[in-house]
Amino acid sequence: MAANAVLDVGGWWRPLRCATHVIDIMPYASRHADDALDPENEERFSAATWTVHDVCSAPWPFGDKQFDFVFCSHLLEDVRDPIAVCGELVRVGKSGYIETPSRAREIFSKARFFGLKSAFGSVPEIGFRHHRWFVELENNRFTFTAKDQHLLGDRSHFITRSDLGRKMTEEESGIALWFDGEFSFGEAISHDHDEPLKKFRSEALARLKGK
């Protein structure tokens, strides 16, 4: 990566070694150094450029457009305020890359024999239980919808491997955006929780089967 100043946002779990700076709520000494995303590179960041900070608390202690490139992978679906994080990504970064699980993956159970296992009291995981948000990306806009794990357990709201007839591919399981300058974002708020979930499940299954 040719950028001189690179910020890894939430890089504690799988650090990006070519980043010059990291911001995370966890300290430098506890980072998962052996799980780096780019193990072939030497770490460019250090304890001095590792900022311990809650990324949902804005503003971050960086200047406007301080970084040539910002990197945020598999974080937005986890945090309590992804809107605040997106605002800061745009503010401090000239360009960047963002990746999250797709909403379709969040309603998919990859386990085989879902019905049989459920009948015996061992309900397989649907999506990722610890994630707080469904994330969708269209026309450079991220839309966040709060997850309700209880509602997701309704059979009309999720997709099984049997429904699809196969596992989801890596491409189907994630969404990613390379941005230059800025991107847009917002939260989807609905008072009717049931019908939108049924509608999305139906459309997602049809789209996946159509590939």
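Predicted model only: the values in this text are computed from it and were never measured.

A. Representation of the packing of aromatic side chains within the structure. Under the criterion given, the structure shown has 14 aromatic pairs. Relative to Phe67, the ring of Phe62 has its centre 5.0 Å away and its plane inclined at 85°; by these criteria the two rings are edge-to-face. Here Phe67 falls in the buried class, since its relative accessible area comes to 0%. Ring plane angle 55° and centroid distance 4.6 Å describe the contact between Tyr97 and Trp178, whose orientation is recorded as tilted. Taken together, the residues span a long stretch of sequence, with Tyr97 in strand 5 (residues 95–101) and Trp178 in strand 10 (residues 174–180) at a distance of 81 residues. Ring pairs connect the aromatic residues Trp133, Phe142, Phe144, Phe179, Phe183 and Phe185, which therefore count as one cluster. Its guanidinium or amino end placed over the ring of Tyr28, Arg31 lies 3.9 Å from that ring's centre, counting from NZ or CZ.

B. Looking closely at the environment of Gly127. Mapping Gly127 onto the fold places it in the loop between helix 3 (114–119) and strand 7 (133–138). Taking the C-alpha atoms as reference points, Gly127 and Pro59, 68 residues apart in sequence, are found 31 Å from one another. What Gly127 contacts, discounting residues up to four positions off in sequence, is Arg105, Glu106 and Phe108.

C. Spatial organisation of helix 1 (residues 82–92). Most of helix 1 sits inside the fold, with nine of its eleven residues counted as buried. Among all positions in helix 1, only Pro82, Ala84, Val85, Cys86, Glu88, Leu89, Val90, Arg91 and Val92 are buried.

D. Spotlight on the sheet that holds strand 5. Ordered in space as 3-2-1-4-5-10, the six strands form an open sheet in which the pairing is mixed. Looking at strand neighbours, the two that pair on one side only are strand 3 (50–52) and strand 10, the edges of this open sheet. Direction aside, neighbouring strands of the sheet carry axes that sit 15° apart on average. The pairing of strand 4 (residues 69–73) with strand 5 spans four bridges and is parallel. Its bridge partner being in strand 5, Phe71 is matched across the sheet by Tyr97.

Conventions adopted
Residues numbered from 1 in each chain as written. Predicted model: local features only at pLDDT ≥ 70, side-chain atom pairs only at ≥ 80, totals over all residues. Heavy atoms only, no water. Phe/Tyr/Trp six-rings, centres within 6.5 Å; stacked < 30°, edge-to-face > 60°. Buried < 20%, exposed > 50% of the residue type's maximum accessible area, 1.4 Å probe, protein only. Helix = DSSP H or I, 4+ residues; strand = E, 2+ residues; numbered from the N terminus. Lys NZ or Arg CZ within 6 Å of the ring centre and 35° of its normal. Contact = heavy atoms within 4.5 Å. Pairing = 2+ DSSP bridges. Axes fitted to C-alpha atoms, helices over the stretch in contact; angles between N-to-C directions.

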